[in-house]
Amino acid sequence: MAIQDYIVFLVYFIIVAGYGIYIYFKKKSAIEGSKDYFLAEGSLTWWAIGASLIASNISAEQFIGMSGSGFKIGLAIATYEWMAAVTLLVVAVFFLPVYLKNKIFTMPQFLHQRYNGTVALIMAVFWLLLYIVVNLTSILFLGALAVSSISELDFNLCMYGLAIFAIFITLGGMKVIGYTDVIQVFFLIFGGLATTYLALDLVSSHFGGAGILDGYRHVTTHASEHFHMILHPDNPNYIDLPGLSVLIGGMWVINLSYWGCNQYITQRALGADLSTARNGLLFAAFLKLLMPIIVVLPGIAAYVLYKEGLFQQEMTSGGELNPDRAYPVLLNLLPTGLKGLSFAALTAAVVASLAGKANSIATIFTLDIYKNLFHKEASEKKLVNIGKITIVVSMLLAVIIAPHLGIDKKGGFQYIQEYTGFVSPGIFAMFLLGFFWKRTTSNAALFATIGGFLFSLLLKFLPKMVDLSFLASAGFAVPVNGIYEIPFIDRVAIVFITCLIGMYLISIYENKKGVIPKGLEIDIKMFKLDRSFAVGALLVLGITAALYTLFW
């Protein structure tokens, strides 16, 4: 990068850090309480909630991993973004009222309140492992990979730098994270759009045209196979996105588990009133519709240019084509100034997501493990300090283990999705029945928690033990290196249905034995919608339907 790029990046850093310090000292008297520190209780506006959701969600796995999947698979990978927009509406309408009505602040707290302490503790440990070993590590690794390739700084130095920056933001609590995320999203979107503009302009120039609209036309023409949302079984990428399953199958389980039963997502809304929280999720849904333009389209444009003979060396890693290099390669081609802006956008995405996950790790460990198991009478100040220590320790662990997990071998985005998919079916089944079926018992929840995870592992390794070629005709098995494997999105759906059936049978059996579960307080009036939210939700649904129709 040129000196002007570093100046742009420095301005970004000063704005975010300065605003974070301002918010911290302005609210310092209020954040001595643990709930306010972890949840920013009652102080985040709808636009801060929506921006913080997106800033925490969009990170290196999207910029680097999803662009890489755009290069490899095409627009079909955007289903994670567009289906998420619809999922956010479902969570806003049906999940948030239950959480807020029952004064639930953490996901393990819900499980303790609805089931028992054993279920809550097991899931708290599950979540901590998932957030540290899968989420923090992959974001740090992919973020450092991109930052290192652009700045030419040492990879490990970049990883530690991102971790320190994120710790700095996180130690201020959820108020600082929530409001600095608004700035992060600004840089994220405008910096990301700059990269998309460059990518389409490069395509246009290569084919002798002019302007980004001409570039988009050439991209859709020269990579027409990359503009289908629903893949056919003969597509080599069907194993990752198995046809209609992205619309009516396991993708729903993945999304609803992520957006509705995920601490670092839901806690942004748990400190607000219902109307504010719903509007925040609606704002986030609109932003999700925009995301594929920023994180998928550049990868497809890079694919077109690669097919035309450009970036042949830059796109290889260890002598093999590495799709995750698509976005960093494009960033290196940006003109002076814009490169600094896009560099800031990528850093903003990484840091905001790291901060959100670290805060959630601290929240779960402090409120659900430390307070419940080790120090029930701990003061508010003590809990906040334990949370801060947890943030530093978890980030340090992630930095140490990230290089040893083979994240770059599978593709960053798919790495996160598949390994999260081992626990999401059981989690979602447990939450869904816990919300809406009062007869669900604690042992049924344990079955979903442990049994769902074990069954996911079984289906993962089953193809190595049993020939599943008989499932190929129905599209439920795909040959990979001579072995018929079940696509992981289909595995998620199978495990989810199994968990539901198992939970139902166990609950009915225990009900007959006289077990009376602890149901939540549910009132049909809780789900009533404001007119403005209903109009916005219909608009999101209409745009999503139009996009799938256009790119079917």
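Structural notes, computed from the coordinates. From a predicted model like this one, the values you see are computed outputs, not experimental measurements. (Residues numbered from 1 in each chain as written. Predicted model: local features only at pLDDT ≥ 70, side-chain atom pairs only at ≥ 80, totals over all residues. Heavy atoms only, no water.)

**What to know about the overall build of the protein chain**
Per the secondary structure count, the protein chain includes 24 helices and 4 strands. Expected size for 552 residues packed as a compact globule is a radius of gyration near 24 Å; at 23 Å, the protein chain falls within 12% of this value. A principal-axis box enclosing the C-alpha atoms of the protein chain has dimensions of 75 × 65 × 50 Å. Within the protein chain, buried positions represent 59% of all 552 residues. Partitioning the intrachain contacts of the protein chain with sequence separation of at least 6 by distance along the chain shows that 83% fall at a separation of at least 24. (Helix = DSSP H or I, 4+ residues; strand = E, 2+ residues; numbered from the N terminus. Rg over C-alpha atoms; globule rule 2.2 N^0.38 Å. Buried < 20%, exposed > 50% of the residue type's maximum accessible area, 1.4 Å probe, protein only. Contact = heavy atoms within 4.5 Å.)

**So, the environment of Leu529**
By the secondary structure assignment, Leu529 is in the loop between helix 23 (488-512) and helix 24 (531-550). Beyond its immediate chain neighbours, meaning those up to four positions away, Leu529 contacts Val93 and Arg278.

**Thoughts on helix 23**
Across its 25 residues, helix 23 extends 36 Å between first and last C-alpha, which sits within 8% of the 36 Å expected from 1.5 Å per residue. One or two residues past the end of helix 23 sits Gly514, with phi positive at roughly 100°. (Expected span 1.5 Å × (residues − 1).)

**A word on the packing of helix 7 (residues 117-151) against helix 8 (residues 155-170)**
The interhelical angle for the contact between helix 7 and helix 8, taken along N-to-C directions, is 120°, at an axis separation of 8 Å. Comparing the axis directions of helix 7 and helix 8 gives the class oblique. Every pair of crossing elements has a handedness; the one defined by helix 7 and helix 8 is right-handed. For the pair formed by helix 7 and helix 8, the contact residues are Leu140, Phe141, Gly143, Ala144, Leu145, Val147, Ser148 and Ser151 on the first element and Phe155, Cys158, Met159, Leu162 and Ala163 on the second. Grouping the constituent residues of the contact of helix 7 with helix 8 by class yields 10 nonpolar, 3 polar and no charged. (Axes fitted to C-alpha atoms, helices over the stretch in contact; angles between N-to-C directions. Parallel < 35°, antiparallel > 145°, perpendicular 65-115°, else oblique. Left-handed = near helix turned anticlockwise from the far one by under 90°. Nonpolar A, V, L, I, M, F, W, Y, C, P; charged D, E, K, R; others polar.)

**A look at the packing of helix 5 (residues 79-101) against helix 24**
Their axes nearest at 10 Å, the elements helix 5 and helix 24 cross at an angle of 155°. The orientation of helix 5 relative to helix 24 falls into the category roughly antiparallel. Considering the relative orientation of helix 5 and helix 24, their crossing is left-handed. Across the interface between the two elements, Thr79, Trp82, Met83, Ala85, Val86, Leu89, Ala92 and Val93 from helix 5 touch Phe533, Ala537, Val540, Leu541, Thr544, Leu547 and Tyr548 from helix 24. Partitioning the contact of helix 5 with helix 24 into residue classes produces 13 nonpolar, 2 polar and no charged.

**Things to note about the nonpolar core**
The nonpolar side chains of a soluble globular protein tend to be buried with one another. Formed by 180 residues in total, the largest nonpolar core has its most connected members in Leu111, Leu241 and Phe431. No other element matches helix 7, which puts 19 residues into this core. The next biggest cluster of nonpolar side chains, apart from the first, holds 5 residues, and it includes Tyr370, Ala378, Leu383 and Ile386. (Core = buried A, V, L, I, M, F, W, Y, C linked by side-chain atoms within 4.5 Å.)

**A word on the pattern of salt bridges**
Here the structure, examined in full by the defined rule, presents 2 salt bridges. Note that Lys288 and Glu81 form a salt bridge whose closest N and O atoms lie 2.6 Å from each other. A residue pair is termed long-range when its members are at least 10 positions apart, and Lys288 in helix 14 (residues 274-295) and Glu81 in helix 5 qualify at 207 residues. Each member of the pair Lys288 and Glu81 is classed as buried. (Salt bridge = Lys/Arg side-chain N within 4 Å of Asp/Glu carboxyl O.)

**Concerning the side chain of Lys288**
Residue classification places Lys288 among the buried residues on the basis of a relative accessible area of 1%. Lys288 has contacts with Ile54, Asn57, Ile58, Glu81, Trp82, Ala84, Ala85, Leu88 and Trp259, leaving out every residue within four places of it along the chain.

**A closer look at the packing of aromatic side chains**
This model, assessed by the stated rule, comprises 26 aromatic pairs. Summarising the aromatic geometry, the rings of Tyr99 and Phe435 are spaced 5.4 Å apart at their centres and angled 75° between planes, so their arrangement reads as edge-to-face. Of this pair, Tyr99 sits in helix 5 while Phe435 sits in helix 21 (residues 424-436), and the two are 336 residues apart along the sequence. Taken as a pair, Tyr99 and Phe435 share a single burial class, namely buried. Members of the aromatic cluster, each reached through a chain of ring pairs, are Phe94, Phe95, Tyr99, Phe110, Trp127, Phe428, Phe431, Phe435, Phe436, Phe496 and Phe527. (Phe/Tyr/Trp six-rings, centres within 6.5 Å; stacked < 30°, edge-to-face > 60°.)

**Side note on unusual backbone geometry**
Positive phi values are uncommon outside glycine, yet Lys103 reaches one of about 55°. Its place among the elements puts Lys103 in the loop between helix 5 and helix 6 (107-114).

**Observations concerning the environment of Trp46**
Among the secondary structure elements, Trp46 is positioned in helix 3 (residues 46-57). Overall, Trp46 belongs to the partly exposed group, its relative accessible area being 41%. With 233 residues separating them along the chain, Trp46 and Asn279 place their C-alpha atoms 5.6 Å apart. With sequence-adjacent residues up to four places away left out, Trp46 is seen in contact with Thr276, Asn279, Gly280 and Phe283.

**Things to note about helix 5**
Its 23 residues give helix 5 an end-to-end C-alpha distance of 32 Å, which sits within 8% of 33 Å, the value for a rise of 1.5 Å per residue. Remark: the principal bend of helix 5, roughly 40°, maps to Phe95, with a proline, Pro97, within the next four residues. Burial analysis of helix 5 places 19 of its 23 residues in the buried class, the great majority of the element. At the exit of helix 5 stands Lys103, carrying a positive phi of roughly 55°. (Bend = angle between axes of the 7 residues up to and from the residue.)

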